[in-house]
Amino acid sequence: MSNTAVSIGFVGLGVMGNSIAARLIDSYPNMHVYSRRKNSARCILDKGAKWHDSVAGLAEQCSVIFSMVGYPADVEEVYLGANGVLEHAPAGTLCIDMTTSRPQLAQKIYAEAAAKGIAVLDAPVSGGDIGAKNGTLSIMCGGDEEAFKRAEPFFRCIGNMWTLQGHAGCGQHTKAANQIAVAANLIGVVEALRYAETMNLNPQQVVQTISGGSAGSWQLTHNAPKMLEGDFAPGFFVKHFLKDLSIALDAAREAQLNLPLLRLAQRFFDEMTASGYANLGTHVLYDYYRRELQEQMPPLH
């Protein structure tokens, strides 16, 4: 089957969704889209995508459906609602949910979809807006191997690594582990910068120096310069990272697993959301340390 014959649906066109859809439509031009705000789909519509006023209308027209929405409640509505995918997609449809969501919800959607002959992968991603634009995302999947094999040609358009982690929900558990590691690294970078500044070092020079050693990381290379420039535009929203950390913390609690740094990170992002940082990038944690935490803690000297 030629790429032009494959009808792809894409639900959710935020920062990440837009970039992923833009790469897919370059290879699979028969694309159908739905988003709560039509204006957010403008770039994809300009590339030739067809607009739908509902998920139901989109689902009826597509053999492969991607989704990248905000929260687990949105995922539930998209897939399990009366106007959702499972009520309107024909048997044989492949669904790929790239939202970071709850593992238990992924398992529920998988089971209900399988009863209707619909294949579902939970396939959250890592790599941020830069990875989405460049097609270098890491894609972590839960579901059946057959569905995973069907999805691989699409993953080649948007990622440089994709792995089937196990049964439904395992993609979400892997993403939770990813976000725990990201949170730890982000906190470490922020504290390193605050330490360097307080000790009257040149923070830009410090970043350049330690990036080449064992402290080197994505956060240090990509986000530390933005922190020092005061550029907190969102590549990934504070409010969405709080959602991810809360999902991971809930799963850890259910497993009776004590993860102190995860609890600390979740507290920070909860406080940041309440303090008006919700729609800024996660690296605004640096500004939160500088402005908010400095008032709560004694100085280092």
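Residues numbered from 1 in each chain as written. Predicted model: local features only at pLDDT ≥ 70, side-chain atom pairs only at ≥ 80, totals over all residues. Heavy atoms only, no water.

## Focus on the packing of aromatic side chains
In this description, an aromatic ring pair is defined by two values, namely the gap between the centres and the angle between the planes.
Consideration 1: By the definition in use, this model includes 11 aromatic pairs.
Consideration 2: Ring centres 5.6 Å apart and planes at 80 degrees place the aromatic pair Phe-268 and Tyr-289 in the edge-to-face group. Here Tyr-289 lies in helix α14 (residues 285-296) and Phe-268 lies in helix α13 (residues 260-274), a separation of 21 residues in the sequence.
Consideration 3: A relative accessible area of 8% places Tyr-289 in the buried class.
Consideration 4: Ring centres of Tyr-277 and Tyr-288 lie 6.1 Å apart, and the angle between their planes is 90 degrees; this geometry places the pair in the edge-to-face category. Residue Tyr-277 is found in the loop between α13 and α14, and its partner Tyr-288 is found in helix α14; the two are separated by 11 residues along the sequence. No difference in accessibility class separates Tyr-277 from Tyr-288, as the two residues are buried.
Consideration 5: Taken together, the aromatic side chains of Phe-10, Tyr-28, Phe-66 and Phe-154 make up a single cluster linked through ring pairs.
Consideration 6: The side chain of Lys-239 reaches across the aromatic face of Phe-237, ending 5.1 Å from its centre. (Phe/Tyr/Trp six-rings, centres within 6.5 Å; stacked < 30°, edge-to-face > 60°. Helix = DSSP H or I, 4+ residues; strand = E, 2+ residues; numbered from the N terminus. Buried < 20%, exposed > 50% of the residue type's maximum accessible area, 1.4 Å probe, protein only. Lys NZ or Arg CZ within 6 Å of the ring centre and 35° of its normal.)

## Thoughts on a nonpolar patch on the surface
Consideration 1: Together, Tyr-195, Met-199 and Leu-201 make up an exposed nonpolar region whose accessible area comes to about 290 Å².
Consideration 2: If you trace the backbone, Leu-201 turns up in the loop between α9 (170-198) and α10 (203-210).
Consideration 3: Since its relative accessible area comes to 45%, Leu-201 is described here as partly exposed. (Patch = residues over 30% accessible without salt bridge, like charges linked within 9 Å, V, L, I, M, F, W, Y side chains within 5 Å. Areas by Shrake-Rupley, 256 points an atom, 1.4 Å probe, with all protein chains shown as cover. Salt bridge = Lys/Arg side-chain N within 4 Å of Asp/Glu carboxyl O.)

## Points about empty space enclosed by the protein
Consideration 1: Scanning the model with the defined rule gives 1 cavity of 30 Å³ or more in all.
Consideration 2: Taken as a whole, the largest cavity encloses approximately 60 Å³ of empty space.
Consideration 3: Elements supplying a minimum of two residues to the lining of the largest cavity: α4 (72-80), α6 (103-114) and β6 (119-122).
Consideration 4: Its residues placed into classes, the lining of the largest cavity shows 7 nonpolar, 2 polar and 3 charged. (1 Å grid on protein atoms, 1.4 Å probe; cavity = no way out; pocket = protein on both sides within 12 Å on 5 of 7 lines; lining within 4 Å. Points joined across faces, edges and corners; volume = space filled by probe spheres on them. Nonpolar A, V, L, I, M, F, W, Y, C, P; charged D, E, K, R; others polar.)

## Observations regarding the side chain of His-240
Consideration 1: When you line up the elements, His-240 lands in helix α12 (residues 238-254).
Consideration 2: Residue His-240 is classed as buried on the basis of its relative accessible area, which comes to 19%.
Consideration 3: Contacts of His-240, omitting those with residues within four sequence positions, involve Gly-70 and Tyr-71. (Contact = heavy atoms within 4.5 Å.)

## What about the pairing of strand β5 (residues 94-97)?
Consideration 1: Residues Leu-94 and Ile-96 line one face of β5 and the alternating positions Cys-95 and Asp-97 line the opposite face, and both faces are buried.
Consideration 2: Summarising the sheet, strand β4 (residues 64-67) and β5 pair through 4 bridges and their orientation is parallel. What sits directly across from Ser-67, in β5, is Asp-97.
Consideration 3: Where the polypeptide runs from β5 across α6 and back to β6, its parallel neighbour, the crossover connection is right-handed. (Pairing = 2+ DSSP bridges. Right-handed = clockwise from strand over helix to strand, strands pointing away.)

## Quick word on α4
Consideration 1: Within α4, burial applies to Pro-72, Asp-74, Val-75, Val-78 and Tyr-79. Across the axial projection of α4, the buried residues extend over an arc of 155 degrees, all falling on one side. (Arc of directions from axis to C-beta.)

## Regarding unusual backbone geometry
Consideration 1: Phi is positive for Asn-200, close to 60 degrees, though the residue is something other than glycine.
Consideration 2: As for its placement among the helices and strands, Asn-200 is situated in the loop between α9 and α10.

## A closer look at the pattern of salt bridges
Pairs can form between side chains of opposite charge once their charged atoms are near each other.
Consideration 1: Counted according to the given criterion, the structure contains 13 salt bridges.
Consideration 2: With a shortest N-O distance of 2.6 Å, Asp-287 and Arg-290 are connected by a salt bridge. Of this pair, Asp-287 and Arg-290 both sit in helix α14, 3 residues apart, which is roughly one turn of that helix.
Consideration 3: A relative accessible area of 8% places Asp-287 in the buried class.
Consideration 4: Residue classification places Arg-290 among the partly exposed positions, given a relative accessible area of 34%.
Consideration 5: Residue Asp-287 is joined to Arg-291 by a salt bridge in which the shortest nitrogen-to-oxygen separation is 2.9 Å. In this pair, Asp-287 and Arg-291 are both assigned in helix α14, 4 residues apart and thus about one turn of the helix distant.
Consideration 6: Note on Arg-291: relative accessible area 48%, which makes it partly exposed.

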